[in-house]
Amino acid sequence: MEILAGILLSTILVNNFVLVQFLGLCPFMGVSSKLETAIGMAAATTFVLTLASICSYLVSTYVLEPLGLEYMQTIAFILVIAVVVQFAKMFIESTSPLLYRVLGVFLPLITTNCAVLGVALQNTAKAHNFFESTIYGFGAALGFSLVLILFSAMRERLAVADVPVPFKGAAIGMITAGLMSLAFMGFAGLGT
Amino acid sequence: MRITSPHAHTPGNTGDVMKQIILATIPGLIALTYFFGPGSLINVIMMTAACMGVEAAILKLRRRPLGFYLGDYSAAVTGVLLGLAIPPYCPWWIVAIGAISAIGIAKHLYGGIGYNPFNPAMIAYVILLISFPLEMSQWAEPRTVLTESKELIGPFSALSHIWFGTPLTGALDAWTGATPLDSFKQNNSLLVEQLYASDSLFSTARWAGAGWEWVNIGFLAGGIYLLYKKIFTWHAPIAMLAMLFFCACIGYDNGSSNSLGSPLFHLLSGGTMLGAFFIITDPVSSAVSNRGRLIFGALAGLLIYLIRSFGNYPDAVAFAVLLMNFAAPFIDYYTVPRTYGHKKAKRATIKQES
């Protein structure tokens, strides 16, 4: 139990996937200009990440390892993630057509969110068991959601700031992300 | 007769408010200078000059009126606060890099006064702390723990150390020492009582840690003056101090060797009071509504306690403030106050062209 809580704390704050490990930056920059879209994207990514880390764990333990095909894991995980994303897409399309329209191209792009593949690969590298893998994926998704949502609220404010012209738009977003990543370094050592 | 809302007005402008804030830092600055020598005073003067200089240069680049923006003293306040936060007797280039980070990056890249989402002084402090951990963790020993062979650093040796790197009274560790927060954090074998008796940082102090308790009381006095002057509302500072007090009560466990510090120790150590009254009350980078400020302050207090107790850094005010600055727009989004004449609060989102 303590280990699971430690994993959760570590993935959400200390080793946050976006601000400390710099994974999943494209949706972080791409879908953060409006708070409501960001919340939708956060929910979709949480769904996909948790499911993908479970599926990739199962595939890796029950298919790849017995067959001695560990060297295929990157390709296998990409395939698993693509399937999970497709499933999430169908799920969202039928449950919330509005969110589906709002997320648009970013939904299939979760496939290329490197945080998803990163979680799957780190799970095998760290030899996590089933529960640890699930919590690791879920925690990574919560950490991603946290910073994405906070960042999008901040970007709504930046949109009306008197930013010098060369720094408008994505540039100031990148600088803000960098400063936030500095702030997240304060969590270093927490929970160890 | 008390003058009420529509008739009452505050004479003055941004410049007056900023001057009051600078005035209110004086008790803390006096305490720092008395206990640690002239280092902090030199820091404040150099940093203020550097910040004003960077501000002027960037205003010129941006073709903004110099007199108007320099006259609001906001750059001076940033300089004073950053000068108080960095350790005394740090080399001149720390001051230069700090001023450029604070005014250049944290303030003007976002459009100058009123737009900065992060507190400029704290951004600069964190950039310095992460880039130059050695220089940023050398605090001078307070006056009360100095023995016969060591004496308080004089202004001339301080200046030559800052500008030319001349060693101060022999070896480095002759004048630097652990701060109370450091030595409390590193202790894991002594009971709190034993630590207080054996470490001169605590045995020569009245409540919390030599020198630091008076520095914090100085900033508390300045903060109360600002509250009296209605420069800011009580919500954020009180929420932060109350949360820190509450957490410290839980973690104190009556002073075993695993104790995380008494409530008084946390309130009167490190940057607590400077943070509570001068940093998180920044009107731009904190939450806007009173309810938002309560949440903002309480979460800042919680983060300070968590990072101090379980993180790698002995003091955490700067990190906690930045993390809360990051969360402030989100807090605002969900704490929009009800406007007069409406039954429910209306959500204030910014319409964007897309």
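What you see is a predicted model; the values in this text were computed from it and never measured.

## Points about the overall build of chain A
Now for step 1: The number of helices and strands found in chain A is nine helices and zero strands.
Now for step 2: Oriented by its inertia axes, the alpha-carbon framework of chain A measures out at about 60 × 45 × 30 Å.
Now for step 3: When burial is assessed residue by residue, chain A has 49% of its 192 residues classed as buried.
Now for step 4: In chain A, once contacts between residues fewer than 6 apart in sequence are set aside, the share between residues at least 24 apart is 78%.
Now for step 5: Of the roughly 8,600 Å² that chain A leaves accessible, carbon and sulfur atoms contribute 73%.
Now for step 6: Once the 7 positive and 8 negative side-chain charges of chain A are each reduced to a mean point, those two points are 15 Å apart.

## Digging into the interface of chain B and chain A
Now for step 1: Between chain B and chain A, the residue contacts involve 37 residues of the former and 37 residues of the latter.
Now for step 2: Carbon and sulfur atoms make up 73% of the area that chain B and chain A hide from each other, which totals about 3,100 Å².
Now for step 3: Linking chain B with chain A are three salt bridges, by the criterion used here.
Now for step 4: Asp 162 of chain A is paired through a salt bridge with Arg 64 of chain B; the nearest N and O atoms lie 2.9 Å apart.
Now for step 5: Connecting chain B to chain A are six residue pairs in polar contact (both at pLDDT 80 or more).
Now for step 6: Of all the secondary-structure elements, those providing two or more residues to the side of chain B that touches chain A are helix H6 (92-108), helix H7 (120-131), helix H17 (290-310) and helix H18 (317-334) of chain B.
Now for step 7: Ranked by residues supplied to the side of chain B that touches chain A, first place goes to H18 of chain B with eleven residues.

## Re the environment of Leu 64 of chain A
Residues and elements named next belong to chain A.
Now for step 1: Along the polypeptide, Leu 64 turns up in helix H3 (residues 35-67).
Now for step 2: Counting along the chain gives 126 residues from Leu 64 to Leu 190, while the straight-line C-alpha distance between them is 35 Å.
Now for step 3: Those residues in contact with Leu 64, other than ones at most four positions away along the chain, are Val 59, Leu 69, Glu 70, Gln 73 and Ala 76.

## A few points about the pattern of salt bridges
Now for step 1: In the structure shown here, the tally under the stated rule is five salt bridges over all chains.
Now for step 2: For Arg 62 of chain B, the salt bridge identified is with Asp 162 of chain A, shortest N-O distance 3.5 Å. Note that Arg 62 of chain B is positioned in the loop between helix H3 (39-61) and helix H4 (66-70) and Asp 162 of chain A in the loop between helix H8 (130-158) and helix H9 (170-184), a pairing that runs across two chains.
Now for step 3: For Arg 62 of chain B, a relative accessible area of 16% corresponds to the buried category.
Now for step 4: Among the charged side chains, a network of salt bridges with common partners joins Asp 162 of chain A together with Arg 62 and Arg 64 of chain B.

## Here's the deal with the domain arrangement of chain B
Reports of interface size often rely on the accessible area that becomes lost once the parts have come together.
Residues and elements named next belong to chain B.
Now for step 1: One can read the domain layout of chain B as domain 1 (11-177) and domain 2 (179-336).
Now for step 2: For domain 1 and domain 2, the distance between their C-alpha centres works out to 21 Å.
Now for step 3: The interface is formed by 32 residues belonging to domain 1 together with 29 residues belonging to domain 2.
Now for step 4: Both faces combined, the contact of domain 1 with domain 2 buries some 2,600 Å², and carbon together with sulfur accounts for 80% of it.
Now for step 5: When residues of domain 1 are sorted by the area they lose upon contact with domain 2, Gln 20, Asn 119 and Met 122 head the list and together hold 18% of the total.
Now for step 6: For the interface between domain 1 and domain 2, the tally reads zero salt bridges.
Now for step 7: Where domain 1 touches domain 2, the interface holds three residue pairs in polar contact (both at pLDDT 80 or more).
Now for step 8: Those elements that place two or more of their residues in the side of domain 1 that touches domain 2 are helix H1 (14-24), helix H2 (26-36), helix H5 (74-85) and H7.
Now for step 9: Among the elements that take part in the side of domain 1 that touches domain 2, H7 stands out by supplying seven residues, more than any other.
Now for step 10: For the side of domain 1 that touches domain 2, the class distribution of residues is 24 nonpolar, eight polar and no charged.

## Let's talk about H17 of chain B
In an α-helix there are 3.6 residues to a turn, and that puts residues three or four apart on one side.
All names here are of chain B.
Now for step 1: The first and last C-alpha atoms of H17 sit 30 Å apart over 21 residues, in line with the 30 Å expected at 1.5 Å per residue.
Now for step 2: Residues of H17 that are buried: Gly 292, Arg 293, Phe 296, Gly 297, Ala 300, Gly 301, Leu 303, Ile 304, Tyr 305, Ile 307, Arg 308 and Ser 309.
Now for step 3: As for H17, its buried residues are in contact with helix H10 (180-186), helix H14 (235-251), helix H15 (263-267), helix H16 (272-279) and H18.

## Structural notes on the confidence of the model for chain B
Residue and element names in this part refer to chain B.
Now for step 1: With 92% of its residues at a pLDDT of 70 or more, chain B has an overall mean of 85.
Now for step 2: Taken as a whole, residues 350-354 scores under 50 in pLDDT and shows six contacts with residues more than four places along the chain or in a different chain.
Now for step 3: Per the prediction output, this complex has pTM 0.90; the corresponding ipTM is 0.88.

## A look at helix H1 (residues 2-14) of chain A
Now for step 1: All of the buried residues along H1 of chain A are Ile 7, Thr 11, Ile 12, Leu 13 and Val 14 of chain A.
Now for step 2: Turning to H1 of chain A, the residues buried within the fold contact H8 and H9 of chain A.

Basis of the calculations
By convention here, each chain's residues receive numbers from 1 onward along its written sequence. To read the labels, note that chains go from A and ligands from 1, taken in the order they are written. The predicted nature of this model means local features are confined to residues of pLDDT at least 70 and side-chain atom pairs, given and counted, to a pLDDT of 80 or more, with totals for whole chains, interfaces and linings taken over all residues. The side-chain quantities take in all heavy atoms of the structure and omit both hydrogens and water. Think of it this way: any DSSP run of H or I at least four residues long counts as a helix, any run of E at least two long counts as a strand, and we number them from the N terminus. A 1.4 Å probe rolled over the protein chains alone gives each residue an accessible area, and that area as a share of the maximum for its type sets the label: buried under 20%, exposed over 50%, partly exposed in between. Here, two residues are considered to be in contact whenever any of their heavy atoms come within 4.5 Å of each other. Computed by Shrake-Rupley with a 1.4 Å probe, the accessible areas treat only the displayed protein chains as cover when residues are assessed. Charge assignment: positive for Lys and Arg, negative for Asp and Glu; neither His nor the chain ends contribute. By convention, the point assigned to a charge is CZ for Arg, NZ for Lys, CD for Glu and CG for Asp. Once two parts are brought into contact, the accessible area they lose, counted with a 1.4 Å probe and summed over both, makes up the buried area. Salt bridges are identified by distance alone: a Lys or Arg side-chain nitrogen within 4 Å of an Asp or Glu carboxyl oxygen. Residues adjacent in sequence count toward polar contacts only when both atoms are side-chain atoms; beyond that, a polar contact is any pair of N or O atoms within 3.5 Å, and within protein one must be able to donate a hydrogen and the other to accept it. For the domains described, the bounds stem from an automatic or database domain assignment. In this classification, Asp, Glu, Lys and Arg are treated as charged, Ala, Val, Leu, Ile, Met, Phe, Trp, Tyr, Cys and Pro as nonpolar, and every other residue, Gly included, as polar. To estimate the expected span of a helix, subtract one from its residue number and multiply by 1.5 Å. The pLDDT score gives, residue by residue, the confidence of the prediction method on a 0 to 100 scale.

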